[in-house]
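# Structure assessment
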Amino acid sequence: MAKGIEIRDAHFPGRAPIDAYGNGGFRFADMSHRGSLLCLPSGIHGWELQEGEPLTVASLMKVLAESAEIEVLLVGMGANLKPIPPDVKAALKARGIASDPMSTGAAVRTFNIMLAESRAVAAALVAV
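Parameters at a glance
- Residues numbered from 1 in each chain as written.
- Predicted model: local features only at pLDDT ≥ 70, side-chain atom pairs only at ≥ 80, totals over all residues.
- Heavy atoms only, no water.
- Helix = DSSP H or I, 4+ residues; strand = E, 2+ residues; numbered from the N terminus.
- Rg over C-alpha atoms; globule rule 2.2 N^0.38 Å.
- Buried < 20%, exposed > 50% of the residue type's maximum accessible area, 1.4 Å probe, protein only.
- Areas by Shrake-Rupley, 256 points an atom, 1.4 Å probe, with all protein chains shown as cover.
- Arc of directions from axis to C-beta.
- Contact = heavy atoms within 4.5 Å.
- Pairing = 2+ DSSP bridges.
- Axes fitted to C-alpha atoms, helices over the stretch in contact; angles between N-to-C directions.

Here we come to the overall build of the protein chain. Along the backbone of the protein chain there are 3 helices and 9 strands. Taking 14 Å as the expected radius of gyration for a compact globule of 128 residues, we find that the protein chain reaches 14 Å, a close match to that expectation. Along the first, second and third principal axes, the C-alpha atoms of the protein chain reach 50 × 30 × 25 Å. Taking all 128 residues of the protein chain together, the buried fraction comes to 43%. Counting every atom, the protein chain has about 7,200 Å² of accessible surface; 55% of that belongs to carbon and sulfur.

Three or more residues of helix α2 (residues 86-94) are buried, namely V88, A91 and L92. An end-on view of α2 places all buried positions within 95 degrees of arc, on one side of the element. Residues of α2 that are exposed and point over 90 degrees away from its buried face: P86, K93 and A94. For α2, the secondary structure elements touched by its buried residues are α1 (61-65), β7 (72-76) and β8 (98-102). Looking one or two residues beyond α2, the residue adopting positive phi is G96, at roughly 80 degrees.

With that settled, the discussion passes to the sheet that holds strand β2 (residues 18-22). Spatial strand order, β2-β3-β4: 3 strands in an open sheet with antiparallel pairing. Of all strands in the sheet, those bounded by a partner on one side alone are β2 and β4 (31-34). Mean inter-strand twist for the sheet, computed between neighbouring axes without regard to direction, equals 15 degrees.

Tracing the chain through its elements places D100 in strand β8. When the C-alpha positions of D100 and P83 are compared, they lie 8.9 Å apart, and in sequence the two are 17 residues distant. Discounting residues that sit within four places of it in the chain, D100 has contacts with L73, L74, V75 and I84.

From the geometry alone we can't say anything about function, so treat these as descriptive.
Next up, the structure:
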């Protein structure tokens, strides 16, 4: 018997470069996703943060949970560079994660390069 539509969290269970961004979303691994992304060692996850919303420790809990496998977190803050709030930066540093804020476009390009180099990189990408 059919159960109907099942809505699941957006998750791609692997690491993949970001092929394109803009228009409110991203393309990767022959798929597209509307909205923001967390690119982590466990895969690519949909992320609820939208441009203009504040970055918080709570919004990065998935990143903190995988901190043992992450050395650098690239934070794509949207169309423009904004600083990472001090409490967020401190929480990441306490887990051994260096963080680097930049525009989403710059974060995508840097993530792809570091991923190709097999570096322990993650990215939090706000959709533009």
